[in-house]
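# Close look at the chain arrangement
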Amino acid sequence: MHFLPDHIDDYAVKHSQPEPQLLQELTRETWQKVLAPVMLSGHYQGRVLSMISKLIRPLRILEIGTYTGYSALCLAEGMQAEGTLYTIDINEELYDFQRRYFDCSDFGNQIIQHTGNALEIIPKLEETFDLVFLDADKSNYPKYIETVLPKMNKGAVLLSDNVLWYGKVAEASKEKDTDTAALKQYNKMIHDHPQLESVLLPIRDGLTISRKI
Ligand code: SAH
Ligand code: CA
């Protein structure tokens, strides 16, 4: 999803860090073997996630929605040397694919995979986090706020992806479009939330950065 005219978008990508080799290979194999490859974060968004993580230097990262591991590897680039990234996906068929790429990276033994419904797994996690990336089932985004907030340290950052949903959140609602309705509700909730300060960046499909006060 590009909101910018193509030539401006191309220019922005060309003047951003190149995509690491391993992530290029991961992308190729995802397109060959896995359903719905458009869900991949991709080169530009991946570099944004990497940069944000490097600025935060988190000790512990939580990712909700691993898919083939692209965004996990980008976020891991910024974590501290003794840091850990926990990533959750409901689709068990992706587990071995993710693990192969994690093990080819510098972060293999710092990435812990969980398989199952993130809404059930997160309350059971004992750790607290400095950085959270929310990128799973859009219809449940509103439920993730209160699930994830108690697990976030003071000053921790929540990154929420696809918050513009192809621009549909800014249009009048269609009755049966539950994902758009959920995202509209989510955007309002994080905007109004007393424990969060947020800025919605119109990057790719919309990425909100929220900081826990
Ligand atoms: N973050 C990835 C893309 C994630 S796509 C990237 O940027 O490359 C969304 C993923 O969320 C899918 O793999 C899907 O299986 C997973 N998902 C959907 N509902 C979920 C749930 N309730 N709990 C955990 N994962 C879920
Ligand atoms: Ca996404």
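The following paragraphs examine the structure supplied in this document. (Residues numbered from 1 in each chain as written. Chains lettered and ligands numbered in written order. Predicted model: local features only at pLDDT ≥ 70, side-chain atom pairs only at ≥ 80, totals over all residues. Heavy atoms only, no water.)

### Structural notes on the environment of Pro123
Take Pro123: it is sitting in the loop between helix 6 (118-121) and strand 4 (129-134). Residues Pro123 and Ile209, spaced 86 residues apart in sequence, show a C-alpha to C-alpha distance of 22 Å. Not counting residues up to four positions away in its chain, the partners in contact with Pro123 are Ala118, Thr147 and Lys151. (Helix = DSSP H or I, 4+ residues; strand = E, 2+ residues; numbered from the N terminus. Contact = heavy atoms within 4.5 Å.)

### Brief notes about the packing of helix 7 (residues 141-148) against helix 8 (residues 178-192)
One can describe the packing of helix 7 onto helix 8 by two numbers: an axis separation of 7 Å at closest approach and a directional angle of 35°. Contact with helix 7, carried on its side by Tyr141, Pro142 and Ile145, involves Ala182, Leu183, Gln185, Tyr186, Met189 and Ile190 of helix 8 and no other residues of that element. Taken together, the residues of the contact of helix 7 with helix 8 break down into eight nonpolar, one polar and no charged. (Axes fitted to C-alpha atoms, helices over the stretch in contact; angles between N-to-C directions. Nonpolar A, V, L, I, M, F, W, Y, C, P; charged D, E, K, R; others polar.)

### Observations concerning the side chain of Thr147
Here Thr147 lies in helix 7. Overall, the relative accessible area of 15% leaves Thr147 in the buried class. Within polar-contact distance, the side chain of Thr147 engages the backbone oxygen of Lys143 at 2.6 Å. Setting aside anything within four residues of it in sequence, one finds Thr147 in contact with Leu119, Ile122 and Pro123. (Buried < 20%, exposed > 50% of the residue type's maximum accessible area, 1.4 Å probe, protein only. Polar contact = N/O pair within 3.5 Å; in protein donor to acceptor, adjacent residues only side chain to side chain.)

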